[in-house]
Every structure is written in C-alpha cells, then in structure tokens.
Number of protein chains: 2
Amino acid sequence: VLALPALALANADVEKNIANPGNWAMQAGDMFNQRYSKLDQINTGNAGKMQVAWTMSTGVLRGHEGSPLVVDGMMYLHTPFPNKVFAVDLDTQKIVWKYEPKQDPAVIPQMCCDTVNRGLALADGKVFLQQADSNLVALDAKTGKLVWSVKNGDPKLGAVNTNAPHVFKDKVITGISGGEWGVRGFINAYDIKTGKQVWKAYSVGPDAEMLMDPEKTMVWTDGAMKPVGKDSSLKTWKGDQWKIGGGTTWGWYSYDKATNLMYYGTGNPSTWNPSQRPGDNKWSMTIFARDVDTGVAKWVYQMTPFDEWDFDGVNEMILADINVKGKPTKALVHFDRNGFAYTMDRVTGALLVAEKYDPTVNWATHVDMKTGRPAVVKKFSTAAAGPDVNVKGICPAALGTKDQQPASFDPNTKLFYVPTNHVCMDYEPFKVEYVAGQPFVGATLSMFPSPGSHGGMGNFISWDAGTGKIVQSKPEKFSVWSGVLNTAGGLSCYGGLEGHFKCVDAKDIKKELYKFKTPSGIIGNVFTYMHKGKQYLGVFSGIGGWAGIGMAAGLEKDSDGLGAVGGYKELNQFTELGGSLTIFTLPN
Amino acid sequence: VLALPALALANADVEKNIANPGNWAMQAGDMFNQRYSKLDQINTGNAGKMQVAWTMSTGVLRGHEGSPLVVDGMMYLHTPFPNKVFAVDLDTQKIVWKYEPKQDPAVIPQMCCDTVNRGLALADGKVFLQQADSNLVALDAKTGKLVWSVKNGDPKLGAVNTNAPHVFKDKVITGISGGEWGVRGFINAYDIKTGKQVWKAYSVGPDAEMLMDPEKTMVWTDGAMKPVGKDSSLKTWKGDQWKIGGGTTWGWYSYDKATNLMYYGTGNPSTWNPSQRPGDNKWSMTIFARDVDTGVAKWVYQMTPFDEWDFDGVNEMILADINVKGKPTKALVHFDRNGFAYTMDRVTGALLVAEKYDPTVNWATHVDMKTGRPAVVKKFSTAAAGPDVNVKGICPAALGTKDQQPASFDPNTKLFYVPTNHVCMDYEPFKVEYVAGQPFVGATLSMFPSPGSHGGMGNFISWDAGTGKIVQSKPEKFSVWSGVLNTAGGLSCYGGLEGHFKCVDAKDIKKELYKFKTPSGIIGNVFTYMHKGKQYLGVFSGIGGWAGIGMAAGLEKDSDGLGAVGGYKELNQFTELGGSLTIFTLPN
Ligand SMILES: O=C(O)c1cc(C(=O)O)c2c(n1)C(=O)C(=O)c1cc(C(=O)O)[nH]c1-2
Ligand SMILES: O=C(O)c1cc(C(=O)O)c2c(n1)C(=O)C(=O)c1cc(C(=O)O)[nH]c1-2
C-alpha cells in the first residue's frame with residue numbers, strides 16, 4: 001500500500017508521454033504494440049517529397065534492432081553490444097550524454113542470433129537498458145548516471161539478453177534469451193524505483209515457479225476456456241528435462257490497463273532435436289497473459305506443442321479492438337513464427353481465428369479450432385523422421401513466416417501490416433549432450449526462398465485479423481526484418497535487409513510512395529516524432545540479426561549461423577555493416 | 001622504347017577519363033591537384049535545395065580519408081584498414097565486386113595517425129590500392145581480381161602506408177609512412193602493366209639513392225636557382241643518422257605533363273627531439289620536383305630546415321597558372337604544415353611568395369626570400385630550450401596550420417580554398433633510443449585552440465597565392481580536416497570534424513548555401529560526378545585521422561595520440577565512429 005503513490009506516478013508519466021503523439025515514448029509507440037502514430041503532417045500526398053534531415057552513426061557495426069525513443073526534444077539511442085546509450089538534443093544533434101557499459105566480450109558468442117538489442121524504455125525520469133550481459137540498468141534520463149542495476153541471469157550459462165525492457169505501471173519487466181543454450185525461460189518484474197525484484201515467472205516447471213494457478217489459470221480446451229490443472233508443465237516433459245527446457249522470452253511485450261494483463265510469448269523448447277524431449281513441452285511456444293501486479297497467469301495458449309522446427313512463440317501480441325467474424329472484440333493478434341496468425345479474445349484467452357499468413361506454409365494443414373492444435377503434416381515432422389534424417393522443404397524455415405520484426409495495426413484501415421519471411425528449410429536433427437554454457441542446438445539447417453513462388457525471401461502484407469485473410473501481399477527480394485510503422489497520414493513504412501527505407505500507401509501497399517537507400521541493411525523499427533512543428537520519420541540501419549548473421553559475425557559456411565548464412569548470402573552484394581540512424585522529413 | 005605504346009595508352013586512358021567532368025577519375029579530380037570540377041548543375045542558386053540521394057556504409061569504423069572514384073557509371077570505394085575496395089554500380093547501388101585483403105592486424109599500431117587510407121587510383125583497366133601493410137596491388141577494374149601485387153616496405157620496421165597511389169604516365173607511384181618509426185622515406189615508381197619497380201628515390205642519404213644530380217638538381221640559393229652540389233643531404237646529418245632519418249612521403253602528388261615533372265613533399269626528420277639530430281636534415285621537409293620517367297630530381301626546396309616541431313612538408317602541391325605579383329606564372333602553391341603558404345615557379349623551382357596563412361603562426365617571423373629559410377623565433381625553438389623543457393604556446397601545433405586535408409584552386413576566382421587548423425601547442429622533447437620497429441618519437445605534446453582568437457580550432461579560408469594574402473576567413477569550431485572541392489557552379493564544399501557537410505559561395509565563403517549532418521565526422525574529401533544527366537556531390541564521413549585519433553583508437557589521456565587527444569576531446573559530444581558515404585543531389 002505504501003508503494004501506491006509511486007505506482008500511480010510512474011504509470012501516469014509513461015501515459016502522459018505516450019499521449020503526446022510528438023513523442024515516441026515506447027518502443028512500439030504505445031502499450032498495445034500497435035506501432036501506429038497519430039501524426040499526419042507527412043502523408044500519402046507529400047511522402048514522395050521526403051528527404052533526409054540528418055543522420056548519425058552509432059559507432060557499432062553489428063545488427064541494429066529496435067528504435068530510438070523521443071521525449072520532449074531529447075532522443076535516446078541504444079546500440080547492439082556493447083550497448084551504448086546516447087541522449088541527443090534534437091535542436092542541435094549534440095550528444096548530451098553517453099553511457100558506455102564495460103561488458104565482458106565473452107557474452108558475444110553466447111548470443112545466438114547476433115549481438116542485437118531491441119531498445120530502451122523510458123519512465124519516471126529514468127532510461128532503462130537491458131544489457132547483453134543480463135544486467136538491467138536504470139540511468140538518470142538527464143545525466144546518464146547509473147541509478148540502479150540488477151543482474152537478471154547468468155551469461156556463463158548462456159542466459160544473455162536482447163529484449164527491450166518494458167515499463168508497465170510501477171514495474172520494469174524484462175525477459176531472457178538462451179533457448180539455444182538450454183536456458184529455462186522466465187519473466188522478471190522489478191520495482192521501477194529501486195530495481196528490487198517484485199516477481200519472477202518461469203515459462204516451464206513447477207506451478208509455483210511459473211506463477212500458475214491450477215484452478216484459475218485458463219487454457220483453450222475443447223472449444224472453451226478451462227483451468228490448466230495441476231502440474232500442467234511438468235506433466236509434458238520427460239523427467240528433469242524442463243530444467244534445461246528453454247521457453248525464453250526475448251520478444252516484445254504488451255499491456256492492457258483495462259484488465260491489468262501483460263502479454264508475451266515464450267520461445268522454443270531446448271534442444272532442436274525433438275526426439276530428445278518427448279511431450280508437449282509446455283509452456284514453451286506459448287502466449288502468456290499475466291497480471292502485472294502479481295505475475296500470476298490469467299491464461300495461456302500454446303501455438304506449437306512439441307516443437308520440431310524452432311518456431312519460437314515470442315513474436316509480439318498486438319492488442320486491438322476490432323471486429324472478429326463480425327463481432328466487436330477486444331482482440332490480441334499474434335503472427336507466429338509457425339506461419340499461423342492467431343486472433344484471440346485477449347480478456348478470456350479464447351481462440352477466435354488461426355490462419356496461415358503465407359500460403360506456402362506446409363508443416364501443418366491447419367489449426368484445429370477446438371483443440372487449438374496444429375494438424376502436423378507427417379512428411380514435415382522432424383521427430384517422425386528421427387535424428388540424422390534431413391527433412392526437406394519445410395515451410396516456413398526456423399526463422400518463421402515472421403521473426404522478431406514487429407507488425408503494426410492501423411486503426412483507420414483496421415488492418416495489420418506484417419513484415420514477413422518467405423523462406424523454407426531443410427532440417428536435420430541430431431543427438432546433442434547438454435553441457436552447461438555450451439550451445440545445445442542439435443540440428444543442422446539450410447534455408448532458401450519459398451520454392452515455386454516469386455523467387456524472393458519476403459513479402460510485406462496487409463492482413464485482416466477478423467477473418468484471417470491476406471488483403472494484399474507485396475513481394476520483396478529479402479525477408480522484411482524491420483518493424484513497421486503506420487501513421488494517420490495513411491503511410492505504412494518499413495525497411496529492407498538490402499537497406500531501403502520505404503513508405504507505402506496503407507490502403508494500397510503495392511504503391512511505394514517513398515524509397516531511400518540508407519547506409520546499411522535495415523532490421524530496426526520505423527518510428528516517428530514531432531519537433532518544433534515538423535514531423536520526422538526515422539529508422540536505424542545496420543545489417544545483422546539472425547537473417548544478417550553471416551555478415552554481422554563474418555560467417556561463410558552455408559549451414560553456419562544456425563542455417564541462415566547460405567540463405568541470405570546475396571545480401572553482401574547489396575549492403576555492408578554499420579549502425580546509423582537516418583531521420584527523414586519534408587522540405588521546409 | 002618497347003614500352004612506349006603501353007606508356008602512351010595508359011596515359012591517354014587517364015587523360016580521357018579526367019577530361020570528362022562527369023567522372024571523378026583521380027583523387028584530386030586532375031593531375032594538378034586542383035580539386036575543381038567543371039560541373040555546374042548544382043550551383044549557388046540551387047545548392048540550398050540539395051538533398052541526400054543515397055548513402056552507403058563501408059563496414060569499417062575508423063577514419064575515412066580520400067574519396068571514391070567514379071568512371072563511366074561505376075564507383076570505386078576504399079576503406080581504412082583492412083582496406084576493402086568496393087565497385088558499386090551507380091544505376092542500382094549494387095556492389096558489383098568487393099576486394100577484402102587479409103592484412104596482419106599487427107600493422108594497426110604501426111600507423112601513427114589512425115589507420116587511414118587516402119584512396120585508389122584508376123587507369124589502364126585497373127584499380128590501384130596501396131594497402132596499409134605496404135603492398136601495392138593492382139585489381140582488375142571489371143572483376144576486382146588481383147592482377148599484380150608488390151611489397152613496397154617493411155611494416156615490421158614501421159614502414160606502412162596511408163597514401164593514395166598516383167598514376168602518372170605508365171607508372172604507379174607510391175610513397176611510405178613511418179616518420180615516427182625512423183623510416184627513411186622514399187618514392188617508388190612501378191610499371192603500370194607488371195608492377196615491376198622502375199625507379200626508387202629516397203628523401204635523404206647518398207645522392208645516387210636520392211636520384212639527385214649534384215650539377216643538375218637545383219635549389220633556391222641566395223635568391224637564385226643553383227645546383228645542390230655533392231652530398232647535399234649527407235652533409236646535413238650527423239654520422240649515419242640519415243639512415244633512420246625520416247622524410248616520409250605519405251601526401252598527395254601532382255604532375256605537369258608539360259615539363260614531365262611530378263611534385264611531392266617529404267615529412268619530418270626523425271626523431272621529434274631535435275637535439276639528437278643536429279643539421280638541416282636535408283631533404284626532409286622538402287618539395288621535390290622529379291622527372292617521372294627517370295625519377296631524377298629537377299629541383300628541391302626545403303621549407304623547414306632542422307625541424308623542431310614536426311612540421312612534415314608532405315602537404316599537396318597545387319599546380320595552377322596564375323598571376324604572381326602581377327606576372328603570369330606557372331605556379332606551384334603549397335600550404336605547409338609550418339603555417340607558411342609558398343608560391344613557387346614550378347618549372348624552375350624559384351621561390352616567389354612565402355606568407356603566413358594563419359596570422360597566429362609564431363614560431364618564425366617570416367621566410368627570408370633570399371635564403372628561403374624561416375626566421376625562427378628563439379622562444380619557440382625546442383632545440384634551443386633543449387630536452388626535457390616544455391616549450392609553450394607554439395603556433396601552429398605539430399599538425400600544422402594544415403595537415404593532409406587538401407585545398408582546392410578555383411580558376412574562376414583564381415583563389416585557393418584552404419581547410420585549416422587553428423591550433424597551438426606545448427612541446428617537450430626528450431631523449432629517445434632508436435629500436436627497430438618501435439616508435440621513435442621523443443617529444444610530449446599538448447594541443448589547444450589558438451589563444452586570443454575566436455576560440456575555435458579551425459578556419460576555412462580563401463587565399464590569394466599571387467600576393468600571399470588571406471582573402472576571407474570563416475571560423476570553425478574544429479579543424480577543417482576534409483578536402484575541399486570547388487565547382488563551376490560557384491561552390492566551395494568541405495566537411496567538418498563534427499560531421500557537417502557544407503557548401504559555401506566561392507565568392508563569399510562566409511555565405512553557407514547548404515549544410516547537412518552526415519553520420520560521422522568528416523575527414524574525407526568532397527568529390528562530384530554526373531550520372532544519367534544529374535550532378536552529384538559526395539563525401540566520406542568517418543571520424544579519425546590524427547585530429548580524431550582519440551575517438552578512432554579509443555585513447556583517453558590528453559597527451560596520447562602524439563598530443564592530439566586532449567585538444568580534440570570535445571569531438572565526442574558531436575559525433576561517433578562509423579564509415580559511410582553520403583551522396584547529394586538536387587530534387588528531381
Ligand atoms: O531462443 C532464444 O533464446 C532466442 C534468442 C534470440 C535473441 O535473443 O535474439 C533469437 C532467437 N532465439 C531466435 O530463435 C530467433 O529466431 C532470433 C532472431 C533474432 C534476431 O534478432 O534477428 N534473435 C533471435
Ligand atoms: O611521418 C609519417 O610517416 C607520417 C605518416 C602519417 C600518415 O601516414 O598518416 C601522418 C604523419 N606522419 C603526420 O605527421 C601527420 O600529421 C598525419 C596526419 C595524418 C592523418 O591522416 O590525419 N596522417 C599523418
């Protein structure tokens with residue numbers, strides 16, 4: 001009860017910052033993960049006239065995910081490892097302060113998919129950074145001085161971080177990476193003032209450690225929401241395997257004040273060799289709805305029971321109030337790695353729609369709407385084939401029809417704008433021994449563009465989540481690995497791995513209104529803000545991430561980088577490493 | 001005689017490429033080092049409307065000097081160590097080929113002033129790259145495949161390279177760095193077809209090794225040109241000291257077809273502790289005019305006999321036909337590190353004008369026009385003070401009133417546009433032992449903005465070389481460390497260490513017509529070209545070089561980086577590392 005005033009304050013601060021569309025106060029622009037801006041100075045009529053306003057190198061070469069934040073004339077930028085933070089005065093572009101953590105470079109090879117970082121959070125006069133070495137730090141937003149710091153995991157065991165911290169109410173919430181090291185995933189909530197741990201909720205294991213209430217935590221069962229029951233996770237693992245069972249939490253989280261629930265997904269069960277871990281491996285590959293104050297799970301939904309393809313379920317949950325099959329719904333929309341887009345009732349957890357958002361998805365024919373389980377095609381089951389058999393032509397590839405690159409929701413068109421991969425794979429599992437701190441992968445992959453299609457590795461699509469249908473699909477040469485922004489100006493903007501920043505017409509995404517070649521490939525997320533009466537759009541470029549791991553880490557063998565190197569080989573004809581920010585605006 | 005057809009061909013090729021102002025076929029645009037373009041589509045009337053056309057990261061973080069070359073729709077870019085080369089198709093910005101030499105990183109700490117490289121040469125269907133590890137390589141311009149390669153020096157002894165190779169006639173001419181390692185400087189001329197050495201000319205030592213003709217090599221003596229005489233270098237050194245005597249050749253070279261002479265300057269005598277090397281230390285700190293075919297010196301002129309301040313004489317020789325004191329003259333104009341700008345008769349070597357181009361220069365009162373020697377002010381003589389005495393307030397600092405950053409000549413205004421440093425120093429020499437392959441410096445320096453002036457560390461000036469007078473001087477916060485371009489459009493363009501690309505009116509340089517913040521600090525040279533009917537301007541950004549060594553090498557102590565770290569400390573509030581190219585044009 002003593003904490004209440006602080007709670008109210010911190011929350012009010014974030015809400016006030018978000019409410020002003022001139023700011024970009026959260027990674028997704030809001031708590032619903034909508035990535036929509038009310039700004040309309042730049043619009044379909046004038047977007048073609050945009051030009052670069054200014055640029056800034058970050059001094060770091062590897063993949064640049066996430067975006068800067070902007071609040072009240074100050075911009076806060078982050079970088080991949082070593083996770084520098086800059087505060088830049090928008091009047092002068094001067095660097096007001098810099099934070100340069102000294103992190104042990106030993107964490108670099110512990111990061112599966114490049115040394116990315118998905119950005120900062122800002123609240124309560126503090127900037128929050130989740131460092132790669134698992135330290136969550138709070139910096140004074142005015143000076144960059146360290147306010148508090150807390151260790152969130154053990155990098156020696158592969159528990160590192162790439163996710164952005166999220167501030168919901170009076171808590172800073174963060175996750176963990178390391179699904180390829182056998183790290184048992186969790187979410188941690190820390191007090192915004194002190195960094196003291198408030199609750200911790202594992203993805204797998206005993207009910208108490210998962211903050212699961214066997215009676216009250218609900219799950220879609222036989223066409224209705226039912227309690228999960230006792231030991232819902234333990235029952236689905238052989239012996240102690242859950243202890244090295246994965247289900248990491250490195251994605252984007254969202255929050256709905258009305259229900260006080262936060263939403264996030266869990267990653268793949270470890271190892272990638274399914275024969276070694278029989279069972280549904282709950283609650284890996286799962287959407288969690290948790291009470292922000294207590295951490296207790298309100299409901300869960302597992303997209304891919306017994307994963308055989310590395311289809312991590314961490315992709316963002318977008319909260320939107322839309323018509324689903326004609327009915328106004330408080331929806332949660334999730335574009336899963338497995339190639340299905342799920343529309344759920346976000347209050348109850350009921351499954352409403354589950355459809356493929358790339359027609360080439362072939363590992364399952366459909367999702368059974370009663371059980372909520374995918375109907376797996378035996379031919380593409382890597383468990384059925386068994387270890388040391390190369391299962392060919394699985395679509396999508398392990399990096400999914402979409403990976404971490406976040407989609408947007410446009411309240412005007414009521415559509416979702418989804419940056420997708422159009423990539424398939426061969427997958428050969430093999431037996432692997434768990435050794436603490438060593439990779440625990442157990443499969444050899446190779447990736448290639450979806451065969452019999454347009455030849456490219458990506459599509460930018462608009463999606464009707466109420467019916468589960470693609471509205472339009474714009475082919476792209478490479479996966480669209482950047483986050484999308486929609487604006488009240490009618491724009492939908494995103495970046496390409498080859499380096500082009502593009503804005504298209506949200507009503508007709510095949511209409512490219514603006515295109516600019518930034519210094520490097522784009523895996524960052526588009527953002528916007530207003531400064532001194534002018535609207536700006538911006539995006540990080542800096543090739544990397546899983547798709548760009550070959551260039552980022554200097555790998556050359558096709559099967560290196562967990563199979564991504566070969567598939568994205570051509571990238572080096574289009575771009576080079578290098579992190580920088582490009583800011584666009586209209587001419588004066 | 002057999003070589004003649006090839007000779008004629010190679011030369012014709014370069015001349016043809018230069019003659020087309022749509023190309024940027026040499027680092028300076030031409031063989032006269034004028035850095036002037038006949039293009040006028042972008043001009044004083046519309047320059048303010050320029051916008052960024054495209055950008056490209058190079059994937060290398062440290063200082064980016066020089067500029068790309070452009071010939072017939074293809075752009076050739078280089079990088080600092082590891083000296084990557086890219087051929088980029090200007091239609092698509094696709095990377096057509098890439099050359100990535102594997103160089104021993106042991107050369108990095110052997111480079112005094114950052115791992116810079118001043119760019120490529122292009123002739124005879126080949127791209128020439130002078131690698132840091134001293135290998136001069138010829139690449140097939142169409143494929144990037146190695147045609148020939150030759151080792152030019154021994155990096156183990158500190159003989160590394162940063163200079164651009166220069167193609168004059170059928171020769172590729174290159175120099176050497178390592179004045180701070182006691183490297184004895186030289187120029188090497190290689191056959192363009194085979195890489196076979198044609199001649200080699202040392203800066204110091206016996207006449208035969210310097211390709212000096214005691215009777216025919218002339219020098220300004222008592223107001224007239226006289227033969228240098230026998231052992232002109234040896235006589236000015238104590239014992240064998242010339243063998244570790246410096247006089248390196250890492251600057252820009254120029255060539256006049258009419259006289260078949262090439263011009264370049266030599267660097268400081270080693271060590272920086274003058275008491276250790278009594279004598280004039282000839283021919284360090286010297287302008288050389290050499291016959292390109294034989295290498296034999298036609299004339300020499302030493303700017304700073306017995307250097308006590310590290311005023312390397314390597315700055316470029318700009319050849320221009322101007323009025324000097326009212327008389328039409330085939331002039332050579334040289335803005336020396338020592339703060340004097342020299343106008344010479346480039347045919348005879350006669351000294352015509354020698355005046356300060358920064359009024360704060362104080363180490364000498366003037367140049368005696370009869371002897372050609374500076375009149376040193378005793379108070380600023382570090383030799384007079386002796387070792388272990390800190391001589392304070394010397395202007396300019398060791399990095400000179402100008403360093404490697406090349407000036408331009410505008411045939412319309414008949415003025416020179418000079419990027420200058422406005423920096424002074426304290427200099428304390430100390431005794432140092434020569435150890436092969438180890439730094440051989442022998443002085444501790446600190447640098448600071450010229451006192452009692454505008455507070456900044458640089459000026460951009462226009463200069464009348466016929467009278468030796470500053471026409472206009474535009475104060476800058478930092479040294480202007482980038483090369484200048486003038487155009488027929490009336491522009492004079494340059495970059496700032498803080499990252500701004502600027503174009504001013506050549507007729508009134510205080511009038512800024514265009515200004516843009518590039519991703520990083522600029523030490524590259526502005527260039528221009530035409531593609532599909534549109535003119536483009538471009539510049540590398542990427543902070544580094546001697547001025548930016550603190551950021552580039554991550555040094556923090558004020559006296560580190562040969563004294564530059566403290567002086568340029570503030571830079572890190574303005575910019576970050578990161579190499580990229582920014583290309584500008586007018587809107588469609
Ligand atoms: O299991 C994990 O802990 C984990 C972590 C991460 C990460 O932290 O970046 C990725 C993945 N898995 C993963 O499966 C994946 O596809 C992926 C892509 C990326 C990226 O940033 O491009 N990270 C990750
Ligand atoms: O004596 C030498 O051999 C030598 C080499 C170099 C070089 O190769 O860059 C520089 C210098 N000296 C030097 O004195 C100097 O001021 C300098 C500046 C720079 C630069 O690129 O910013 N290089 C060098």
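Okay, so let's go over this structure. Since this is a predicted model, take the numbers as computed values, not measurements.

Things to note about the interface of chain A and chain B
Listed as interface residues are 31 residues of chain A and, on the opposing side, 31 residues of chain B. Of the roughly 2500 Å² buried between chain A and chain B on both sides combined, carbon and sulfur atoms contribute 52%. Ranking the residues of chain A by area buried against chain B places Thr55(A), Pro519(A) and Glu576(A) at the top, with a combined share of 22%. At the surface where chain A touches chain B, the tally comes to 4 salt bridges. Among the ionic pairs, Glu576(B) bridges to Lys84(A), the shortest N-O distance being 3.0 Å. Our count for the chain A to chain B interface comes out at 18 residue pairs in polar contact (both at pLDDT 80 or more). Of all the secondary-structure elements, those providing two or more residues to the side of chain A that touches chain B are β2 (51–57), β6 (95–99) and β37 (508–517) of chain A.

What about the site of ligand 2?
Residues and elements named next belong to chain B. The local shell around ligand 2 holds 21 residues, among which Glu-65, Thr-162, Ser-177, Gly-178 and Asp-403 are the closest. In the environment of ligand 2, an oxygen atom lies 2.7 Å from a nitrogen or oxygen atom belonging to the backbone of Gly-178. In the model, an oxygen atom of ligand 2 is placed 3.0 Å from a nitrogen or oxygen of the Glu-180 side chain. For ligand 2, whose unbound accessible area comes to 460 Å², protein coverage reaches 99%.

Re the pattern of salt bridges
Should the charged atoms of two oppositely charged side chains come close, the side chains can pair. For the structure on display, the rule yields 58 salt bridges over all chains. With a shortest N-O distance of 2.3 Å, Lys569(A) and Asp558(A) are connected by a salt bridge. Remark: Asp558(A) occurs in the loop between α4 (549–553) and α5 (564–567) and Lys569(A) occurs in the loop between α5 and β40 (580–585); sequence separation between them is 11 residues. For Asp558(A), a relative accessible area of 42% gives the class partly exposed. Note that Asp293(B) is salt-bridged to Lys171(B), the shortest N-O span being 3.4 Å. One end of the pair, Asp293(B), is in the loop between β19 (286–291) and β20 (297–302); the other, Lys171(B), is in strand β12 (residues 171–174), with 122 residues separating them in the sequence. One continuous salt-bridge network, built from bridges that share partners, spans Lys169(A), Asp170(A), Lys171(A) and Asp293(A).

Regarding the relation of the copies chain A and chain B
In the superposition of chain A on chain B (RMSD 0.0 Å, axial shift 0.0 Å), the rotation amounts to 180 degrees. Here the symmetry operator amounts to a two-fold rotation axis. In this assembly, 100% of the residues forming the interface of chain A have copies in chain B that are likewise at the interface, indicating an isologous arrangement.

A closer look at the environment of Thr401(B)
Residue and element names in this part refer to chain B. Its place among the elements puts Thr-401 in the loop between β27 (391–394) and β28 (408–410). For Thr-401, a relative accessible area of 1% corresponds to the buried category. Each C-alpha atom, one on Thr-401 and one on Pro-419, is 8.8 Å from the other, the two residues being 18 residues apart in sequence. Look past the residues within four positions of Thr-401 in its chain and what remains in contact with it is Arg-337, Gly-339, Tyr-357, Asp-358, Val-361, Pro-396, Pro-419, Thr-420 and Asn-421.

Points about the packing of aromatic side chains
The tally for this structure, following the rule as stated, stands at 58 aromatic pairs over all chains. Seen in terms of ring centroids, Phe128(A) and Trp148(A) are 5.8 Å apart; in terms of plane orientation they differ by 45 degrees. Their pairing is tilted. Highlighted residues: Phe128(A) in strand β8 (residues 126–130) and Trp148(A) in strand β10 (residues 146–151), separated in sequence by 20 residues. Look at Trp148(A) and you get buried, because its relative accessible area is 6%. Ring geometry for Phe501(A) and Tyr514(A): centres 6.2 Å apart, planes at 65 degrees, overall edge-to-face. Here the residue Phe501(A) occupies a position in strand β36 (residues 500–505), and Tyr514(A) occupies one in strand β37, the gap between them amounting to 13 residues. Between Arg35(B) and the ring centre of Trp252(B), over which it is positioned, the NZ or CZ distance is 5.0 Å. Across from the ring centre of Tyr202(B), 3.7 Å away, lies the NZ or CZ of Arg184(B), which sits over that ring.

Observations regarding the site of ligand 1
All names here are of chain A. Close contacts around ligand 1 come from 21 residues, with Glu-65, Thr-162, Ser-177, Gly-178 and Asp-403 the closest. Contacts to ligand 1 include Trp-481, whose side-chain N or O atom sits 3.0 Å from an oxygen atom. Residue Trp-546 places a main-chain N or O atom 2.8 Å away from an oxygen atom belonging to ligand 1. In isolation ligand 1 has 460 Å² of accessible area, and contact with the protein removes 99% of it. Its residues assigned to classes, the shell around ligand 1 comprises 6 nonpolar, 8 polar and 7 charged.

Quick word on the sheet that holds strand β31 (residues 443–449) of chain A
All names here are of chain A. Taking strand neighbours across the sheet as the criterion, the 3 strands line up as β27-β30-β31 in an open arrangement whose pairing is antiparallel. The outermost strands of the open sheet, each flanked by one partner alone, are β27 (391–394) and β31. Between one strand axis and the next, the sheet turns through 20 degrees on average, direction left out of account.

Some points on the nonpolar core
Counting 139 residues, the largest nonpolar core has Met75(A), Phe501(A), Met75(B) and Phe501(B) as the members making the most contacts within it. Ignoring sequence-local partners within four residues, the contact set of Met75(B) consists of Trp54(B), Pro68(B), Leu69(B), Val70(B), Phe86(B), Ala87(B), Val88(B), Leu90(B), Phe527(B), Tyr529(B), Leu581(B) and Ile583(B). The next biggest cluster of nonpolar side chains, apart from the first, holds 59 residues, and it includes Cys113(B), Met317(B), Phe380(B) and Leu399(B).

Digging into unusual backbone geometry
The residue after Cys395(A), namely Pro396(A), is reached through a cis peptide bond having omega 0 degrees. Assignment of secondary structure puts Pro396(A) in the loop between β27 and β28 (408–410). In the segment running from Phe81(B) into Pro82(B), the intervening peptide bond is cis, with an omega of 15 degrees. Assignment of secondary structure puts Pro82(B) in the loop between β4 (74–78) and β5 (85–89). The phi angle at Asp124(B) is positive, at roughly 60 degrees, despite the residue not being glycine. Along the polypeptide, Asp124(B) turns up in the loop between β7 (121–123) and β8 (126–130). On the accessibility criterion, Asp124(B) (18% relative accessible area) is buried. The phi dihedral of Leu562(B) is positive, around 55 degrees, even though this residue is not glycine.

What about the pairing of strand β35 (residues 491–495) of chain B?
Successive residues of a regular strand alternate their side chains across the two faces of the sheet. Residues and elements named next belong to chain B. Extensive coverage of β35 is indicated by the burial of 5 of its 5 residues. Side-chain alternation along β35 places Leu-491, Cys-493 and Gly-495 on one buried face and Ser-492 and Tyr-494 on a second face that is also buried. Bridge count for strand β34 (residues 485–487) against β35 is 2 bridges, and the pairing is antiparallel. Bridging from a neighbouring strand, Leu-485 pairs with Cys-493 of β35.

Reading guide: rules and limits
Residues numbered from 1 in each chain as written. Chains lettered and ligands numbered in written order. Predicted model: local features only at pLDDT ≥ 70, side-chain atom pairs only at ≥ 80, totals over all residues. Heavy atoms only, no water. Contact = heavy atoms within 4.5 Å. Buried area = accessible area lost by both parts, 1.4 Å probe. Salt bridge = Lys/Arg side-chain N within 4 Å of Asp/Glu carboxyl O. Polar contact = N/O pair within 3.5 Å; in protein donor to acceptor, adjacent residues only side chain to side chain. Helix = DSSP H or I, 4+ residues; strand = E, 2+ residues; numbered from the N terminus. Near = heavy atom within 4 Å. Areas by Shrake-Rupley, 256 points an atom, 1.4 Å probe, with all protein chains shown as cover. Buried < 20%, exposed > 50% of the residue type's maximum accessible area, 1.4 Å probe, protein only. Least-squares fit on C-alpha atoms with pLDDT ≥ 70 in both. Phe/Tyr/Trp six-rings, centres within 6.5 Å; stacked < 30°, edge-to-face > 60°. Lys NZ or Arg CZ within 6 Å of the ring centre and 35° of its normal. Nonpolar A, V, L, I, M, F, W, Y, C, P; charged D, E, K, R; others polar. Pairing = 2+ DSSP bridges. Axes fitted to C-alpha atoms, helices over the stretch in contact; angles between N-to-C directions. Core = buried A, V, L, I, M, F, W, Y, C linked by side-chain atoms within 4.5 Å.

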